[in-house]
Amino acid sequence: MDLATRYMGLQLKNPLVASASPLTGELDSLKRLEDAGAAALILPSLFQEEIEVETARYQHLTSAHDDSWPEGLSNFPKLADAQHGPHHYLELVHRARQAIGVPIIASLNGISNECWTSYAKQLEQAGANGLELNIYFIPADLAATGHDVEQRYFDILKSVRAAVSIPVAIKLSPYFSAVGNMAEALHDAGADALVLFNRFYQPDLDLTRLQVLNDLRLSDPSEIRLPLLWLAVLAGRTRASLAASTGVNSAEEVVKYLLVGADVVMTTSSLLRHGPGHMATLLAGLEKWLDAREFASLKQVRGIMSQRCLRDPQAFERANYIKILQGFRTPAPAAGGARSIAQ
Ligand SMILES: Cc1cc2nc3c(=O)[nH]c(=O)nc-3n(C[C@H](O)[C@H](O)[C@H](O)COP(=O)(O)O)c2cc1C
């Protein structure tokens, strides 16, 4: 079965990619994911805050002895060679590049422009085959306009693009008012690929302690619907490579994402839930589905259910919604009571 695909300019043996998580942050699990068939691996994000905390800790350690024990400083490595800042991450990129045969994509989550560009360069030098920009930004400032938020994406992308020559992907927010236009504009500004979508943390409340819960729920398949809609709309229209992300648990979600036109399908929750070997289960399920319908290659099916290819393109839009609403039967009103629609 020919499952080959291209993503952000990289030739991949199949469309299954392990997205950023602690599982991709260890060489051992990276190897297990590769053995289970992952075609590319996204490392966890290098967070600017983590680098700054580590650097500050190091500077505190060295400066604490400035007056009292100058000769003691010789026990510390020079700042430039120190094991602080992004050192461990760069080491992971380097070691993964040596040990793993499939493309290694580093992920960066910065705040300042200097951080984005300087670390992007270092990640490229460490051997990353590509870079994913995890622009995790919630515009909680009520003065920030939609234009400000969009401009932030463009500014980051342009500075990173100017700094590196490896392919760059953007993990996109689902909250833009015009996702399609934003996707095209980002491609024009230099993004090789778009990941639909970033799964922003959604808080919940503890009603006993009256606190914001400090939990992270893994995704479930009901969450594929929003990315599925936008992948279907964009496939065959944008020139950017498209990655589906969020909600994959079984091969069924993988097949759906490919049918609407994703170039690759990413998963984290399913791997954390079932272990790295689950990649092989997803791959086998995809092959089985294709085989049962006598497709010889992924190319024959990818995008055949995108909006552009459907006989009824309205199926992804408002008209379908209206049709569905019309199909709902409102229950007969209780005597003297008001009509209601069951939730
Ligand atoms: C424990 C955990 C850690 C994650 N760490 C990162 C990260 O460092 N960078 C990033 O871009 N996404 C991170 N993600 C998000 C995943 O890469 C992915 O986008 C998200 O989980 C949705 O995909 P899924 O439905 O397959 O889980 C993390 C997710 C989880 C559950």
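Each chain has its residues counted from 1, running along the sequence as written. pLDDT decides what is reported in this predicted model: residues at 70 or higher carry local features, side-chain atom pairs at 80 or more are listed and counted, and totals for whole chains, interfaces and linings draw on all residues regardless. Hydrogens and water are ignored here; the side-chain numbers use all heavy atoms of the structure.

*Asks:* Got a minute to help me understand the pattern of salt bridges in this structure?
*Replies:* Where charged atoms from two side chains of opposite charge approach closely, those side chains can pair. By salt bridge we mean one thing: a side-chain nitrogen of Lys or Arg within 4 Å of a carboxyl oxygen of Asp or Glu. In the structure shown here, the tally under the stated rule is seven salt bridges. A salt bridge links Arg-161 to Asp-192, with the nearest nitrogen and oxygen atoms 2.9 Å apart. Pair noted here: Arg-161 is in helix H5 (residues 146-163) and Asp-192 is in the loop between helix H6 (179-188) and strand E8 (193-196), with a separation of 31 residues, a long-range link. Partly exposed residues are those whose accessible area sits between 20% and 50% of the maximum for their type, while under 20% is buried and over 50% is exposed, using a 1.4 Å probe and protein chains only. Residue Asp-192 is classed as partly exposed on the basis of its relative accessible area of 28%. Strands here are runs of E lasting at least two residues and helices are runs of H or I lasting at least four, both read from the DSSP assignment and numbered beginning at the N terminus.

*Asks:* What is the right way to look at the site of the ligand in this model?
*Replies:* Working definition: residue near molecule or strand if any one of its non-hydrogen atoms lies within 4 Å of it. Around the ligand, the surrounding shell holds 20 residues, and the nearest of these are Ala-20, Ser-45, Ser-219, Gly-247 and Ser-269. A distance of 2.9 Å is found between an oxygen atom of the ligand and a side-chain nitrogen or oxygen belonging to Asn-134. Nitrogen and oxygen atoms within 3.5 Å of one another constitute a polar contact, given that in protein one can donate a hydrogen and the other can accept it, and given that sequence-neighbouring residues count only through two side-chain atoms. Within the side chain of Ser-269, one N or O atom sits 2.5 Å away from an oxygen atom of the ligand. Computed with a 1.4 Å probe, the accessible areas rest on the Shrake-Rupley method; for each residue, only the protein chains presented here act as cover. Considered on its own, the ligand offers 610 Å² of accessible surface; in the complex 86% of this is hidden by protein. The distinction between a cavity and a pocket rests on a 1 Å grid over the protein atoms alone: a 1.4 Å probe fits inside a cavity but cannot get out, while a pocket stays open yet meets protein on both sides within 12 Å along at least five of seven lines, and a residue with an atom within 4 Å of a point counts as lining. Each molecule is checked against the cavity or pocket grid, and it sits inside if more than half of its atoms lie within 2 Å of the grid points. Among the cavities detected, the one that contains the ligand is the largest pocket.

*Asks:* How should I be thinking about the sheet that holds strand E11 (residues 241-245) in this particular structure?
*Replies:* Strands in a sheet are paired, the pairing made by backbone hydrogen bonds, and the direction either parallel or antiparallel. If you trace the eight strands once around the closed barrel, you get E3-E4-E5-E6-E7-E8-E11-E12, paired in parallel fashion. Going from strand to strand, the sheet's axes swing by 25 degrees on average, the running direction of each strand aside. As defined by bridge partners, E8 adjoins E11 across four bridges and the pair is classed as parallel. Bridge assignment links Val-195 to a residue of E11, and that residue is Ala-243. Contacts between helix H4 (residues 113-125) and the sheet are confined to strand E4 (40-47), strand E5 (104-109) and strand E6 (130-134), with E5 contributing the most and set at about 165 degrees to the helix. Two strands pair under a simple rule: DSSP has to find at least two bridges between them. For helices, the axis comes from a line fit to the C-alpha atoms of the stretch in contact; other axes are also lines fit to C-alpha atoms, and the angle between any two N-to-C directions lies between 0 and 180 degrees. We call two residues in contact when some of their heavy atoms are within 4.5 Å.

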